[in-house]
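Observations on the model geometry
Here are the chains, one letter per residue:
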Amino acid sequence: MHYDALLLDLDGTLLDTAADFHVVLNQLLRNENLPEVSYQQVRRVVSHGARAMVSMGFGIGEDHPDFARLRDAFLALYGQHYAVHTCLFDGFAEVLQHCDDRRIPWGIITNKPATFAEPLWRDLGLPYQLGCLICPDHVSQAKPDPEPMFLAAQQVGIDAQRCLYVGDHRRDIDAGRAAGMATVVANWGYLDDDDQPSSWQADHYFDTPQQLLTLLAP
């Protein structure tokens, strides 16, 4: 079965952003005179957001009195270093060019705030025709609620049941399923050892972005 639109999570699915987060978190740790963390430690928690990265790096919970200050400092540093090492995951250039060449609409649905997601996509300067960029700022409920999925389907002009959604976190699959979309787990993404994606009930589990071509019009 072929689908009429391709919708994608951002961090850990379409874009490999972990290297920039690694630099930023270690800069903050150095500022606080604390030891740095490894790239793999950061990569495992990127999809859980800034709070998870700060918690992991500093070994503190959100109830810690310094947590809000450190999270704000982390985001401020990221705002200065969001598109230095970030790039498409290998294989996505072919997929996005395929969509553009065949006029298959594609877009992004992310829980990354628009204040970061919009300039990140702009500054990467990629030559592909982005159909929509849905952030938490654009809806009343972010993923795993299906509201952003329906908004994306509306903006690309394709019924949700004819859309394919790809993500690397359970909330991605839950949101896609709730909207009636076909879902794909991005095995190349930021999956943690404890995630157990086989329990997410996705329609497909792909190891490379190129496998998405089998579900899009030839």
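The structure reproduced in this document is the subject of the present report. The structure displayed is predicted, hence computed values, not measured ones. (Residues numbered from 1 in each chain as written. Predicted model: local features only at pLDDT ≥ 70, side-chain atom pairs only at ≥ 80, totals over all residues. Heavy atoms only, no water.)

It is worth spelling out the side chain of histidine 169 at this point. Positionally, histidine 169 belongs in the loop between β6 (163–167) and α8 (170–178). Using a relative accessible area of 14% as the deciding quantity, one classes histidine 169 as buried. Within the structure, the side chain of histidine 169 is placed 3.3 Å from the side chain of histidine 48, a separation counted as a polar contact. Discounting chain neighbours no more than four positions away, the residues touching histidine 169 are Ser47, His48 and Trp200. (Helix = DSSP H or I, 4+ residues; strand = E, 2+ residues; numbered from the N terminus. Buried < 20%, exposed > 50% of the residue type's maximum accessible area, 1.4 Å probe, protein only. Polar contact = N/O pair within 3.5 Å; in protein donor to acceptor, adjacent residues only side chain to side chain. Contact = heavy atoms within 4.5 Å.)

One open sheet holds the six strands; their spatial order is β5-β4-β1-β6-β7-β8, and the pairing between them is parallel. Only two strands of the sheet have a single neighbouring strand rather than two, namely β5 (133–134) and β8 (204–206). When strand β1 (residues 5–8) meets β6, the two strands line up parallel, connected through four bridges. Directly across from leucine 6, in β6, lies its bridge partner leucine 164. Here α8 sits on the sheet in contact with β6 and β7 (182–186), set at roughly 170° to β7. (Pairing = 2+ DSSP bridges. Axes fitted to C-alpha atoms, helices over the stretch in contact; angles between N-to-C directions.)

Below, the discussion takes up the state of the cysteines. Throughout the structure, instances matching the rule amount to zero disulfides. Of all cysteine sulfurs, the one in cysteine 163 lies closest to cysteine 99, which takes part in no disulfide; the gap is 12 Å. (Disulfide = S-S within 2.5 Å.)

Inspection of every chain in the model, using the stated rule, returns 10 salt bridges. Across the pair arginine 71 and aspartate 72 runs a salt bridge, and its minimum N-O distance is 3.2 Å. Of the charged contacts, one joins arginine 170 and aspartate 174 as a salt bridge, the two residues approaching to 3.8 Å between their closest N and O atoms. Pair noted here: arginine 170 and aspartate 174 are both in helix α8, with a separation of four residues, about one helical turn. A relative accessible area of 36% places arginine 170 in the partly exposed class. The exposure class of aspartate 174 is partly exposed, given its relative accessible area of 30%. Where salt bridges share partners, they join Asp9, Lys143 and Asp172 into one cluster. (Salt bridge = Lys/Arg side-chain N within 4 Å of Asp/Glu carboxyl O.)

Turning our attention to the layout of surface pockets. Empty space within the largest pocket amounts to approximately 450 Å³. Along its surface, the largest pocket is lined by 22 residues, and Gly49, Ala50, Asn111, Lys112 and Pro113 are the ones closest to its centre. Secondary-structure elements contributing two or more residues to the lining of the largest pocket are α3 (50–58) and α4 (67–78). For the lining of the largest pocket, the element with the most residues is α4, which contributes four residues. When its residues are assigned to classes, the lining of the largest pocket shows 10 nonpolar, five polar and seven charged. (1 Å grid on protein atoms, 1.4 Å probe; cavity = no way out; pocket = protein on both sides within 12 Å on 5 of 7 lines; lining within 4 Å. Points joined across faces, edges and corners; volume = space filled by probe spheres on them. Nonpolar A, V, L, I, M, F, W, Y, C, P; charged D, E, K, R; others polar.)

Our focus in this paragraph is the pairing of β7. In terms of residue burial, β7 counts as a mostly covered element, since five of its five residues are buried. Taking every second residue as pointing to the same face, both faces of β7 are buried, with Ala182, Val184 and Ala186 on one and Thr183 and Val185 on the other. Sheet topology note: the β6/β7 ladder contains four bridges and is parallel. Each residue of the ladder has a partner; that of valine 166, found in β7, is valine 184.

What follows concerns the nonpolar core. Residues Leu6, Leu14, Phe74, Phe92, Trp106 and Leu212 are the most contacted members of the largest nonpolar core, which totals 55 residues. Ranked by residues supplied to this core, first place goes to helix α1 (residues 18–31) with six residues. Grouped together as the second largest cluster of nonpolar side chains are 18 residues, Ala5, Met149, Leu151 and Cys163 included. (Core = buried A, V, L, I, M, F, W, Y, C linked by side-chain atoms within 4.5 Å.)

Take unusual backbone geometry next. Here the residue pair lysine 143 and proline 144 is connected by a cis peptide bond, since its omega of 20° sits within 30 degrees of zero. In this fold, proline 144 is placed in the loop between β5 and α7 (147–156). Positive phi, close to 65°, is recorded for glutamine 201, a residue that is not glycine. Along the polypeptide, glutamine 201 turns up in the loop between β7 and β8.

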